[in-house]
Amino acid sequence: MTAYDVIVLAGGAAKRLGGADKPGVRVGGWALLDRVLAACDGAARTVVVGDRRATSRPVVWAREVPQGGGPLAALGAGLRLTSADNVLVLSADLPFLGPGTVDALLTAAAQLGREGALCTDPDGRDQPLVAAYRAEPLRRELALIATEHGNLAGLPLRLLTAELDLARVDAGPDAAFDCDTWDDIAAARARIREHGAVLDEWITSVKNELGIDLDFDTGALLDLARDAAHGVARPAAPLTTFLVGYAAARASAGAGPDVAAAAVAEASRKATALALRWEAEAAEAAETAESAKSAGQGGDAAGGPAGGAKPDTGREGTGTP
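These numbers come from a predicted model, not from an experiment.

Calculation criteria
- Residues numbered from 1 in each chain as written.
- Predicted model: local features only at pLDDT ≥ 70, side-chain atom pairs only at ≥ 80, totals over all residues.
- Heavy atoms only, no water.
- Core = buried A, V, L, I, M, F, W, Y, C linked by side-chain atoms within 4.5 Å.
- Buried < 20%, exposed > 50% of the residue type's maximum accessible area, 1.4 Å probe, protein only.
- Helix = DSSP H or I, 4+ residues; strand = E, 2+ residues; numbered from the N terminus.
- Contact = heavy atoms within 4.5 Å.
- Pairing = 2+ DSSP bridges.
- Axes fitted to C-alpha atoms, helices over the stretch in contact; angles between N-to-C directions.
- Patch = residues over 30% accessible without salt bridge, like charges linked within 9 Å, V, L, I, M, F, W, Y side chains within 5 Å.
- Areas by Shrake-Rupley, 256 points an atom, 1.4 Å probe, with all protein chains shown as cover.
- Salt bridge = Lys/Arg side-chain N within 4 Å of Asp/Glu carboxyl O.
- Phe/Tyr/Trp six-rings, centres within 6.5 Å; stacked < 30°, edge-to-face > 60°.
- Lys NZ or Arg CZ within 6 Å of the ring centre and 35° of its normal.
- Parallel < 35°, antiparallel > 145°, perpendicular 65-115°, else oblique.
- Left-handed = near helix turned anticlockwise from the far one by under 90°.
- Nonpolar A, V, L, I, M, F, W, Y, C, P; charged D, E, K, R; others polar.

> Sorry, what's going on with the nonpolar core here?
If you look at soluble globular proteins, the nonpolar side chains tend to sit buried side by side. With 32 residues, the main nonpolar core has Tyr4, Val6, Val8, Val48, Leu88, Leu90 and Leu105 as its most contacted residues. Considering each element in turn, this core owes the most residues, 5 residues, to helix α3 (residues 99-109). Those residues in contact with Leu90 that lie beyond four places of it in its chain are Val6, Ile7, Val8, Leu9, Val36, Cys40, Leu97, Leu129, Val130 and Ala131.

> When you look at the sheet that holds strand β9 (residues 166-170) in this model, what are you seeing that I'm missing?
Either a parallel or an antiparallel arrangement is found when strands of a sheet pair, and the pairing is made through backbone hydrogen bonds. With respect to topology, 7 strands assemble into an open sheet ordered β5-β4-β1-β6-β8-β7-β9, the strand pairing being mixed. Bordering the open sheet on either side are β5 (60-62) and β9, each of which pairs with just one other strand. The average undirected angle you get between the axes of adjacent strands in this sheet is 25°. Sheet topology places strand β7 (residues 116-120) next to strand β8 (residues 126-134); 5 bridges connect them, and they run antiparallel.

> Teacher, can you tell me more about a nonpolar patch on the surface here?
Taken together, the side chains of Val198, Leu199 and Leu222 make up a nonpolar region of the molecular surface, amounting to roughly 220 Å² of accessible area. With respect to the helices and strands, Leu199 occurs in helix α7 (residues 198-210).

> Would you explain the packing of aromatic side chains in this entry?
Under the criterion given, the structure shown has 1 aromatic pair. Ring geometry for Phe96 versus Phe177: centroids 5.9 Å apart, planes at 55°, classification tilted. Separated by 81 residues along the polypeptide, Phe96 in the loop between β6 (86-91) and α3 and Phe177 in the loop between β9 and α6 (182-191) bring together distant segments of the chain. Comparing Phe96 with Phe177 shows no difference in burial state: the two are buried. Sitting over the ring of Phe177, Arg191 keeps its end group 4.7 Å from the ring centre.

> Mind showing me how you'd approach the pairing of β7 here?
Along any regular strand the residues' side chains alternate between the sheet's two faces. Of all the 5 residues making up β7, 5 are buried; the element is thus mostly covered by neighbouring parts of the structure. Count of turn residues in the β7/β8 antiparallel hairpin: 5 residues, of which Gly124 carries a positive phi of about 85°. Here β7 pairs with β9 via 5 bridges, running parallel. Each residue of the ladder has a partner; that of Leu118, found in β9, is Arg168.

> Even after reading the chapter, I still don't get the packing of helix α8 (residues 218-231) against helix α10 (residues 257-294), so can you show me in this structure?
Angle between the axes and distance between the axes: these two values describe a pair of packed helices. Contact pair α8 / α10: the axes reach a minimum separation of 9 Å and the direction vectors enclose 25°. Between α8 and α10, the interaxial angle falls into the category roughly parallel. Read as a crossing pair, α8 and α10 show a hand that is left-handed. In this structure, α8 uses Leu221, Leu224, Asp227, Ala228, His230 and Gly231 to contact α10, whose residues at the interface are Val264, Ser268, Ala271, Thr272, Ala275, Leu276, Trp278 and Glu279. Classifying every residue of the contact of α8 with α10 gives 8 nonpolar, 4 polar and 2 charged.

In structure tokens form, the structure reads like this:
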């Protein structure tokens, strides 16, 4: 993967949110800034331009001069603290940005002759704050703009992007979705609870909350929970998945995420097989009991006579049938 630093712009006034602390607004129980940081956790250095705050992972802080000087001034302040040849530039209000979009931007920016790449939204509009830039031409153009205008404060981003040879990356319906208004926040919160997205969103949020860097087969765990609930008892589902996680952690202690993911898969396989054996035994017992009942013996779950009486062993004292 292409080495890169990232600059996250988190210092806007959020006027359309009534001056609220936009990077700290929660979507899916997770601050917008932290959601963006999770998408670019492969950066060598992460610079956040804005007020200091608690974050989900370590960052370097910067502030534009003058404060509130706009995106170009913020970009210039952040760029001074980076050293990689490629710089990812993101706004702090992108709730659905994912690692896939980050990879696509870095790959497109690395094309021969390109000076960067930016996302376009479904309406075809460029999104210069969902972009990857080559550091050298980015520094060059910012210096030229500052020389021409005296400084970078209050200048629009289009002055920068118009001078760079940039590839375009289709962001799809979600990656470039930003939260400028409370209606946007409400839409984002509703979207993550849609049936097709809520599970992935929840699992991602939990992993980030717990600091777990692990890709595993969600479907296999869900199948295990279903089999345990159906073949054993409903409370067995959450308890079994907990035990699978514990067993996987013990089996992969000190190893990397790939080994841990394999341990989860193996523990899930064993537990699923056990749950299916329990289910098969229950079905066999039920079938035996039903056969005994049909034969007029009124059998119990083990197939014996009703009331728990012992089988006839012959005439008393003779030992013969």
